[in-house]
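Summary of structural features
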Amino acid sequence: MATAGTKNSLSIRDNRTGREYEVPILDGDVINAIDLRQIKVNEDDFGMMSYDPAFSNTASTRSAITYIDGDKGILRYRGYPIEQLAERASHLEVAYLILKGELPTKSQLDSFVEDVTFHTYVHENITEQVKGFRYDAHAMGMVISMVASLSTFYPDAKEVDDAKNRWQQIVRLVAKMPTLAAYTYRHHRGLPLVYPENELSYTANFLSMLFKIGTKEHKPSPVLERALDILFILHADHEQNCSTTAMRVIGSSRSDPYSALAGAMAALYGPLHGGANEAVLRMLTRIGSVSNIPKFIEGVKRKEERLMGFGHRIYKAYDPRASIIKRTADEVFEVTGRNPLLDIALELERIALSEDYFIERNLYPNVDFYSGIIYQSMGFPVEMFPVLFAIPRAAGWLAHWEEMITDKEQRIARPLQVFTGPAVRDFVPISDRR
Ligand code: SDX
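The rules behind these values
Residues numbered from 1 in each chain as written. Predicted model: local features only at pLDDT ≥ 70, side-chain atom pairs only at ≥ 80, totals over all residues. Heavy atoms only, no water. Near = heavy atom within 4 Å. Polar contact = N/O pair within 3.5 Å; in protein donor to acceptor, adjacent residues only side chain to side chain. Areas by Shrake-Rupley, 256 points an atom, 1.4 Å probe, with all protein chains shown as cover. Axes fitted to C-alpha atoms, helices over the stretch in contact; angles between N-to-C directions. Helix = DSSP H or I, 4+ residues; strand = E, 2+ residues; numbered from the N terminus. Parallel < 35°, antiparallel > 145°, perpendicular 65-115°, else oblique. Left-handed = near helix turned anticlockwise from the far one by under 90°. Contact = heavy atoms within 4.5 Å. Nonpolar A, V, L, I, M, F, W, Y, C, P; charged D, E, K, R; others polar. Domains from an automatic or database assignment. Buried < 20%, exposed > 50% of the residue type's maximum accessible area, 1.4 Å probe, protein only. Phe/Tyr/Trp six-rings, centres within 6.5 Å; stacked < 30°, edge-to-face > 60°. Pairing = 2+ DSSP bridges. Salt bridge = Lys/Arg side-chain N within 4 Å of Asp/Glu carboxyl O. Expected span 1.5 Å × (residues − 1). Bend = angle between axes of the 7 residues up to and from the residue.

Further remarks concern the site of the ligand. In the neighbourhood of the ligand, 23 residues make up the surrounding shell, with His238, Lys303, Arg306, His312 and Arg321 lying closest. Take Leu272: an N or O atom from its main chain is 2.9 Å from a nitrogen atom of the ligand. Within the side chain of His273, an N or O atom sits 2.9 Å from an oxygen atom of the ligand. For the ligand, whose unbound accessible area comes to 1,000 Å², protein coverage reaches 76%.

Here you go:
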């Protein structure tokens, strides 16, 4: 048994050559992957790489934004526990915290809210673009397209190394996401677009742009307005998830933030990621009743189905966001009436938390399991659900984008590969091919 040493390093012995290497251990249990490259058999070898498909054990960056402890179900934005933020903050207050690193003072928050409020309009050309989509075009496809096209209205956004310019684009994107989302909803229903109203709060303005009919002011229930604010807080960031990684990778080539955010939204769209909230609703609707659950669960165990809204790469305990959303659901249903799908969801959860198949795989409800039931009860169509995820996550994506741009250790993202293709071979004229 080797004696516990005091050196903060790994001693690696390559048994192919008998050579030993000392690799320094950095802060915590981290080594620089590039330190493996010195391990070679022959001098002109490329050197040792680490192989990590889907980056399950690879830190791609240092970050100070969000901390997650997946075993303990801990989630903190800039050190503040998500439970306290959901309870006591507003979404824009949390967006400021995520973007700037500190909770805003009253004057900082007032000025941020004013900045966002005054940038909620989009160019009239965008309203023409909305009309060009089919009536049944998926909301995510529409918003991704419109976010990308925003880059053509702000060519100066390419000045990514200018801090003032970055902040201007960040404010524009945080401000315009709800407008673009509302425009897709109105387009689907053949309703005239509703323009932003500056007297309303961020979420109240969003609900007004969605549901206002005629000239009558749309007064959303304060309960629903607060519930949406809480849902936005819970979705604002989640460290190096798939879409945030996409944002960082695209941004690393110095692409403008609108193009990078469109790419991040495209990653979020997938049913294994932010598209899961839509997939959960379709799954619950397909199950149809509590009596059909046992048959569905058998299908999951036979791997014919996936229990959407369950499981997580990091959380091996209950996703803390799911607990808060579940509590928020009760408040929403006080106003909207109970969503019958909740009974199916609760029974699915009860079974999944009691059966070995799910326990062995650490499958707990994640952020997407209960959110869709609330959105449906609030009147959102199911194809809007991933868009409702993207609106608040814009703050997280942009905070990570700016952290990457200003990180001296970062360069253009360019991973290696383990080549498995054919060895060199000569071209074969088509007449000789079989
Ligand atoms: C989000 O990363 C983030 O932080 C994301 C997110 C954020 O805020 O940005 O938290 C938001 O994307 C939440 C996750 C939403 N997705 C879903 O709810 C879709 C259903 N869940 C999964 O497909 C899955 O759990 C993932 C994608 C979330 C995680 O996948 P992993 O870590 O790659 O796990 P895996 O697919 O390798 O599964 C491990 C085992 C497998 O079984 P075995 O092959 O070992 O027998 O668990 C099984 C999987 O079959 N499994 C599931 C399951 N999830 C995993 N089986 C049934 N239902 C599921 N949901």
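Let us now look at the packing of helix H13 (residues 320-336) against helix H16 (residues 367-377). For any two helices packed against each other, one specifies the inter-axial angle together with the distance between the axes. Running from N to C, H13 and H16 point in directions that differ by 15°, and their axes come no closer than 8 Å. It follows from the interaxial angle that H13 and H16 lie roughly parallel. For the pair H13 and H16, the sense of crossing is left-handed. For the pair H13 and H16, contact is made by Arg321, Ala322, Ile325, Lys326, Thr328, Ala329, Val332, Phe333 and Thr336 and by Val367, Tyr370, Ser371, Ile373, Ile374 and Ser377, respectively. Taken together, the residues that form the contact of H13 with H16 break down as nine nonpolar, four polar and two charged.

Below, the discussion takes up the domain arrangement of the protein chain. Along its sequence, the protein chain is carved into domain 1 (1-50) and domain 2 (61-408). For domain 1 versus domain 2, the distance between C-alpha centres works out to 42 Å.

What follows deals with unusual backbone geometry. A positive phi is found at Arg78, a non-glycine position, where the angle reads about 50°. Residue position: Arg78 is located in the loop between strand S5 (74-77) and strand S6 (80-81). Despite not being glycine, Arg254 shows a phi value in the positive range, around 70°. A relative accessible area of 36% places Arg254 in the partly exposed class.

Before going further, it helps to examine the packing of aromatic side chains. Applying the stated rule across the entire model yields 14 aromatic pairs. Each ring, one from Tyr154 and one from Tyr258, has its centre 5.4 Å from the other, and the planes form 25°; the classification is stacked. On the criterion of sequence distance, the pair formed by Tyr154 in the loop between helix H5 (139-150) and helix H6 (163-188) and Tyr258 in helix H10 (residues 257-268) is long-range, its members being 104 residues apart. Geometrically, the ring pair formed by Phe310 and Phe369 is edge-to-face, given 4.7 Å between the ring centres and 75° between the ring planes. One end of the pair, Phe310, is in the loop between helix H12 (293-301) and H13; the other, Phe369, is in helix H16, and 59 residues separate them in sequence. Phe310 gets classed as buried once you look at its relative accessible area, which sits at 9%.

Between helix H9 (residues 242-251) and H10, whose axes approach to 8 Å, the crossing angle comes to 150°. Relative to H10, H9 is oriented roughly antiparallel. Crossing of H9 over H10 shows right-handed handedness. Residues Cys242, Ser243, Ala246, Met247, Ile250 and Gly251 of H9 form the contact with H10, whose participating residues are Pro257, Ala260, Leu261, Gly263, Ala264, Ala267 and Leu268. Here the residues of the contact of H9 with H10 sort into 10 nonpolar, three polar and no charged.

Strand order across the open sheet formed by three strands is S4-S5-S6, with antiparallel pairing between neighbours. Of all the strands in the sheet, just strand S4 (66-69) and S6 have a single pairing partner and so form its edges.

We now examine the environment of Lys408. Relative to the helices and strands, Lys408 is located in the segment after helix H17 (385-405). Measuring from C-alpha to C-alpha, the distance between Lys408 and Leu284 comes to 47 Å, with 124 residues separating the pair along the chain.

According to the stated counting rule, one finds 25 salt bridges in the structure shown. Ionic pairing is found between Asp136 and Arg134, a salt bridge with its closest N-O pair at 2.7 Å. For Asp136, a relative accessible area of 38% translates into the label partly exposed. In this structure, the salt-bridge partner of Arg350 is Glu347, at a minimum N-O distance of 2.7 Å. Placement of both Arg350 and Glu347 in helix H14 (residues 341-352) is noted, with a separation of three residues, approximately one turn of the helix. For Arg350, a relative accessible area of 49% corresponds to the partly exposed category. Salt bridges sharing partners connect three or more residues here, namely Asp27, Arg62 and Glu409.

The next thing to look at is H5. For H5, with 12 residues, the first-to-last C-alpha span of 16 Å sits near the 16 Å given by 1.5 Å per residue. Within H5, nine of the 12 residues are buried, leaving the element largely enclosed by the surrounding structure. Here H5 has its buried residues at Ala139, Met140, Met142, Val143, Ile144, Met146, Val147, Ser149 and Leu150. Considering only its buried residues, H5 is in contact with helix H4 (124-131), H6, H10 and H17.

As paired elements, strand S1 (residues 9-14) and strand S2 (residues 19-26) share six bridges and run antiparallel to each other. Bridged to Leu10 within S2 is Val23. Once S1 ends, the chain turns through four residues before running back antiparallel as S2, passing Gly18 with a positive phi of about 80°.

In this model H17 runs 30 Å from its N-terminal to its C-terminal C-alpha over 21 residues, within 8% of the 30 Å that 1.5 Å per residue would give. The sharpest bend along H17 reaches about 45° and sits at Arg393. Counting buried positions along H17 yields 21 of 21 residues, so the element is predominantly enclosed.

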